[in-house]
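Now for the letters of each chain:
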Amino acid sequence: VQLQASGGGLVQPGGSLRLSCVVSGTIISINSMGWYRQAPGKQRELVAVVTGGTYTKYTEAVKGRFAISRDNSKTTVYLQMNSLKPEDTAVYYCSGSPYYTITPDDYWGQGTQVTVSS
């Protein structure tokens, strides 16, 4: 199973980015996918998860600003990030699991850097 994340970059506070993560190389169903992030000197934290295609959960710090979604083929998961703040700066990792779980951590993408700065 390979997960390929993309879409990171440098954005000003208040701006938006959309991260994408493409799943390939598997014939099994990836039933849960998520986005984690890790800022310098901090532990990796779960930002958002979608499981079963419809159930979503967000960490409190991003509620109302971020939205996670999957395409109908379930091969791509997105993280739409709006109203970005400097504290959102981190490396963002996509993850997946064949299980229905709110902490998908069986498979990992390579990470994409998001920097929010003026």
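These figures come from a predicted structure and were not determined experimentally.

Engineer: Would you take a moment to explain unusual backbone geometry for this structure?
Structural biologist: In most cases, non-glycine residues show a negative phi, while peptide bonds are predominantly trans. Phi angles above zero are rare outside glycine, and Ser83 is one such case at about 50°. Relative to the elements of secondary structure, Ser83 occurs in the loop between β8 (76–81) and β9 (90–97).

Engineer: Honestly, the sheet that holds β8 in this entry has me stumped. Any pointers?
Structural biologist: What holds strands together in a sheet is hydrogen bonding between their backbones, with the strands either parallel or antiparallel. Taken in spatial order, the 4 strands of this open sheet run β1-β3-β8-β7, and their pairing is antiparallel. Here the strands that pair on one side only, and so sit at the sheet edges, are β1 (2–6) and β7 (66–70). Between one strand axis and the next, the sheet turns by 15° as a mean value, whatever way the strands run. Sheet analysis places strand β3 (residues 17–24) next to β8, joined by 6 bridges and oriented antiparallel. Its bridge partner lying in β8, Ser20 is registered against Tyr78.

Parameters and conventions
- Residues numbered from 1 in each chain as written.
- Predicted model: local features only at pLDDT ≥ 70, side-chain atom pairs only at ≥ 80, totals over all residues.
- Heavy atoms only, no water.
- Helix = DSSP H or I, 4+ residues; strand = E, 2+ residues; numbered from the N terminus.
- Pairing = 2+ DSSP bridges.
- Axes fitted to C-alpha atoms, helices over the stretch in contact; angles between N-to-C directions.

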